[in-house]
Structures are given as C-alpha cells and as structure tokens.
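Commentary on secondary and tertiary structure
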Amino acid sequence: MINSNDVIVAFEEDGRMSIAKINDLIDNEKFEHHFQGLYDLQTLTPIGYEALLRTDLFKKPEILFEKASHTNRFFELEMRSIKKALQSYDKINQSTSKEKKILINVFPSNLADPDFLDQLNKILGETTLSANQIMIEINESEIIQNVDYFSAMVNELQTEGYLIAIDDVGKGVSSLQAIVELQPDIVKMDRFFAKHLAKSSRKQEMVKSIVTYCYNTDTKFVLEGIEILEDLEMAKAIGVSIVQGFLLARPESLEVIRKYEMDDKEDNYFSAKR
Ligand SMILES: [Ca+2]
C-alpha cells in the first residue's frame, strides 16, 4: 500500500532533484553517522560500533547510495563518509583508549577503486585509530563476478592490518562462496536468521552450521538483527558469541555513544533490568 508521504519522498528523490541534492550533500558534507554497538554475549558490552550514515536530505540512506552509485561522485562520497565516520569515532578512541572496533560499510565497486587503499591509509593516519580497529564490511553481491581481483584486494587490506567482514551472509546467493574464497575475518549473518530464531529449528540448524564453519576456520561470527530476548537466549545457546540488534542497542548519535563509553558503566539493557 502506498501512502501520500511515500509518493512525495519518491518524487523528491527522483531525477535531477536528487543530483542537486547529492552534490549539496557531498560539497557541504550534510551528513553524519550514527553508531550501533556489536555486543559480546559473555560480557554484554560492545566490542565495537557499526557506523551508519544519516542525512536530512534523504530519509533512507539506501536511496542516497542507490542514486549516488549512478553518478561520478560515488567514490568521493564513500571516502568522505569514511573520513567523517573515523574522525567522529576517533574522539571516543582518544578519550577512552579502549581500542574498540569501528565497522564501516564499503561498496565493492568503491573497494575496487585503485585509490581506495591509499586514501584509507591517509584518513587513518590522521586519527589515533589503528588498522586492526577498522572492520570493512562488504556485501558479496558484486564480488563474485570478479573474485580474483577482490581476493587480491582483500588480501592487501588484511596485510595492512585491516579486518574484513562479509555482510548480510545468507541473504545473497553467493555469500557462502564469498566466505570460502575471500577468507574474511568476520562473518555477519543476515537478520533473517535472527528473527524468530527461538521458534525455528531450521534457522537454528543453519546458524549452527555457519557458527561451526567460523569456529573451525578462526573467523569471528556476528548474528545481526536480534530484537527479542528469547531469540538472544537461543543465539547464545547455539554458540553465537557476538550479536547486533535493537534489543541491545539501536544506532545512536556520537554523543550518546561517547557518554556510554566515557561513563564506562554497564548501563545497558540487561543491567538496567537487574
Ligand atoms: Ca552492515
């Protein structure tokens, strides 16, 4: 069902209007990031944060990226976004020295740009972060068509110390192939498998099989999209050690995360309920 708001948004975010908005967004950096924690299930504290772009100019960031991907400024947008995300998180890193991970989403076509690594190194060099705090999340969709090139690229990034995550595993047709061929440091399993996990023995079996693969290949495993307590408990029972999802934390502004990390209290959902 379409309501009138959707029509207005679709109209606004179409055609020339969106090109002008994209230029405005890039030139004036009219965006920021929210940060969503990834939680260690043993300690119930965040091991790191995924940076997610937010802007008033596009209600849905996916629409921005989709539109921007057809322009010649897509790579520039990606790099400016990475720079801003790392510089933002660096403020927390400097004041806490906890060296938590910061996860950034990178489109495969931008990762494949010959300037990507140099620019990333330069951005990193201007912060107090180290390469092994940076997890680069990639979605496998475009990778498999060019697997040799991406394997080399991923290898180069890993040699520099960066960590590679394959995102949304289980959603795309070739994500299992990507895990085998690219040998990522982290596998993030799609939220489809977390939803009603406690009620679905088939989802439990599927998660367990990937958890086992990760365990035996020294790969970290993250289950995304945990929204209710019974699914969290089931995840823990079948061997999941890191989760992300609204039950533990929504994406929050830098200020909120900073306060949380500075206070260093375990004032998360669970201790609040104790
Ligand atoms: Ca992601």
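Higher on the page you've got the structure.
Described below are features of the structure shown in this document. (Residues numbered from 1 in each chain as written. Predicted model: local features only at pLDDT ≥ 70, side-chain atom pairs only at ≥ 80, totals over all residues.)

Re the overall build of the protein chain
Put simply, the rule reads: Here a strand is any run of E in DSSP of at least two residues, a helix any run of H or I of at least four, and the numbering for each starts at the N terminus. Computation of the radius of gyration draws on C-alpha atoms, with the globule rule given as 2.2 Å multiplied by the number of residues to the power 0.38. Each residue is classed by its C-beta neighbour count within 10 Å, where at least 20 other C-beta atoms makes it buried, 12 or fewer makes it exposed, and intermediate counts make it partly exposed; the C-beta atoms are placed from backbone geometry. Note that contacts rest on C-beta atoms placed from the backbone: two residues are in contact if these are within 7 Å.
Of the regular secondary structure elements, the protein chain holds twelve helices and eight strands. Relative to the compact-globule value of 19 Å for 274 residues, the protein chain shows a C-alpha radius of gyration of 19 Å, a close match. Taking the principal axes of the C-alpha coordinates as reference, the protein chain spans close to 50 × 45 × 45 Å. Taken over 274 residues, the protein chain has a buried fraction of 35%. Long-range pairs, those at least 24 residues apart, make up 65% of the contacts in the protein chain between residues at least 6 apart in sequence.

What to know about helix α9 (residues 201-216)
Each turn of an α-helix holds 3.6 residues, which means side chains three or four residues apart point in the same direction. Our working definition: A helix is expected to span 1.5 Å multiplied by its residue count minus one. The arc in question is the one spanned by the directions pointing from the helix axis to the C-beta atoms.
Between its terminal C-alpha atoms α9 stretches 22 Å, which fits the 22 Å expected from 16 residues at 1.5 Å a residue. Taken together, the buried positions of α9 are Lys203, Val207, Ile210, Val211 and Cys214. Projected onto a plane normal to the axis of α9, the buried residues spread over an arc of 105 degrees and lie on a single side. Along α9, the residues that are exposed and aim more than 90 degrees away from the buried face are Ser201, Arg202, Glu205, Ser209 and Asn216.

Thoughts on the packing of helix α4 (residues 74-96) against helix α11 (residues 254-263)
Two measures define how a pair of helices packs: the angle their axes make with one another and the distance between the axes. Test applied: Geometry is summarised by axes, namely lines fitted to C-alpha atoms with helices restricted to the contacting stretch, and by angles between N-to-C directions that run from 0 to 180 degrees. Any angle between 65 and 115 degrees counts as roughly perpendicular, while under 35 counts as roughly parallel, over 145 as roughly antiparallel, and the rest as oblique. In this scheme the crossing of two helices becomes right-handed for a clockwise turn of the near helix relative to the far one and left-handed for an anticlockwise turn of less than a right angle. All residues other than Ala, Val, Leu, Ile, Met, Phe, Trp, Tyr, Cys, Pro, Asp, Glu, Lys and Arg, Gly among them, are scored as polar; the first ten of these are nonpolar and the last four charged.
Direction vectors running N to C along α4 and α11 enclose 15 degrees, while the axes themselves pass 10 Å from each other. It follows that α4 is roughly parallel to α11 by the angle criterion. The hand of the α4/α11 crossing is right-handed. Between α4 and α11, the residues in contact are Ser88, Lys91, Ile92, Ser95 and Thr96 and Leu254, Ile257, Arg258, Glu261 and Met262, respectively. By residue class, the composition of the contact of α4 with α11 is four nonpolar, three polar and three charged.

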